[in-house]
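Letter by letter, the chains look like this.
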Amino acid sequence: PQTKSSIRVSLNRNSTDSPFFPTRGSKTSYSFEFAGGPLGGEINFQEHVLSHSLYQKMPGGLALHLRGFFGLLHGLDSADEVPDWERYRLGGNRRYPLRGYKDLEVVPRGNPSFIGGRYFTIFNTELLYAVTNTIQLLSFLDMGDVWNSFQQADFANMRKGAGFGIRVEVPMMGTIGFDYGYGFDRLGGPAWEPHFTIGSMF
């Protein structure tokens, strides 16, 4: 096994009007990780991840949530390879959310299923409705993809998913969620995929 020595810095800004059902404001997070080089270890790379969400109140008690999520991994020089387990694989509704696809299912086209990419872009669009103070219904459209290099990025041909879901706020536990997404561009043909989660949502 390879050893890794790294440092990570994160910056976060939140101007939303509610932690549970935001209807205005924005959230931004940026993280930078530096591994290897003067820190030692056998793995050398830098990672940049940026997420930005906008919230807008809509007629009829609805709220619109728009989110852009971007990440890139670089070796510290051209000879440095980013290990497979550090690379990006999209899918599901957790770390790299692309609903309608299984967790970690989406890798660069042509890669083996277990080899992710070094660049990703995800756009999430949600329309939410608060049934009560603790229960929300939503519909969503996700678009995203992952590539081995920025030069391969094709923003006109990203993987797409759409569907609906529910969020329930549970005291002492946080959010329990269920999404049912239809993946339009899955290998083997379009199909539905269920997603469960407990804890903070993206």
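Note that this is a predicted model, so its numbers are computed, not measured. (Residues numbered from 1 in each chain as written. Predicted model: local features only at pLDDT ≥ 70, side-chain atom pairs only at ≥ 80, totals over all residues. Heavy atoms only, no water.)

Draft legend 1. Main features of the overall build of the protein chain. Looking only at helices and strands, one finds zero helices and nine strands in the protein chain. The order of helices and strands in the protein chain, counted from the N terminus, is β-β-β-β-β-β-β-β-β. Over its C-alpha atoms the protein chain spans a radius of gyration of 18 Å, differing by no more than 12% from the 17 Å that the globule rule assigns to 202 residues. In terms of overall dimensions, the protein chain has C-alpha extents of about 55 × 40 × 30 Å along its principal axes. For the protein chain, the residues scored as buried account for 42% of the 202 residues in total. Accessible area of the protein chain: about 10,800 Å², with a carbon and sulfur share of 60%. (Helix = DSSP H or I, 4+ residues; strand = E, 2+ residues; numbered from the N terminus. Rg over C-alpha atoms; globule rule 2.2 N^0.38 Å. Buried < 20%, exposed > 50% of the residue type's maximum accessible area, 1.4 Å probe, protein only. Areas by Shrake-Rupley, 256 points an atom, 1.4 Å probe, with all protein chains shown as cover.)

Draft legend 2. Representation of the side chain of Thr121. Along the chain, Thr121 falls in strand β5 (residues 119–130). When near neighbours in sequence (up to four residues on either side) are disregarded, Thr121 contacts Phe69, Phe70, Met143, Gly144, Asp145, Trp147, Phe155 and Met158. (Contact = heavy atoms within 4.5 Å.)

Draft legend 3. Region of interest: the pattern of salt bridges. Applying the stated criterion to the full structure yields 15 salt bridges. The residue Asp17 makes a salt bridge to Arg24 at a minimum N-O spacing of 3.3 Å. Given the relative accessible area of 48%, Arg24 is considered partly exposed. Asp179 is paired through a salt bridge with Arg167; the nearest N and O atoms lie 2.9 Å apart. In this pair, Asp179 is assigned in strand β8 (residues 174–183) and Arg167 in strand β7 (residues 159–170), connecting sequence segments twelve residues apart. The exposure classification of Asp179 matches that of Arg167, with both residues buried. (Salt bridge = Lys/Arg side-chain N within 4 Å of Asp/Glu carboxyl O.)

Draft legend 4. Spotlight on a nonpolar patch on the surface. A surface patch of nonpolar side chains, about 660 Å² in accessible area, is lined by Ile7, Val9, Leu11, Tyr30, Leu39, Leu50, Phe70 and Phe123. Examining the composition of the nonpolar patch, we find that three residues originate from one element, strand β1 (residues 6–14), more than from any other. Position of Leu50 among the secondary structure elements: in strand β3 (residues 45–58). Since its relative accessible area comes to 35%, Leu50 is described here as partly exposed. (Patch = residues over 30% accessible without salt bridge, like charges linked within 9 Å, V, L, I, M, F, W, Y side chains within 5 Å.)

Draft legend 5. Inspection of the packing of aromatic side chains at higher detail. Enumeration over the complete set of coordinates arrives at 15 aromatic pairs. Between Phe178 and Phe196 the ring centres are 4.8 Å apart and the planes differ by 45 degrees, which places this aromatic pair in the tilted class. Residue Phe178 is found in strand β8, and its partner Phe196 is found in strand β9 (residues 191–198); the two are separated by 18 residues along the sequence. Of the aromatic side chains, those joined through ring pairs into one cluster are Phe164, Phe178, Tyr180, Tyr182, Phe184, Trp192 and Phe196. Above the plane of the ring of Phe69 lies Arg67, whose end atom (NZ or CZ) is 4.1 Å from the centre. (Phe/Tyr/Trp six-rings, centres within 6.5 Å; stacked < 30°, edge-to-face > 60°. Lys NZ or Arg CZ within 6 Å of the ring centre and 35° of its normal.)

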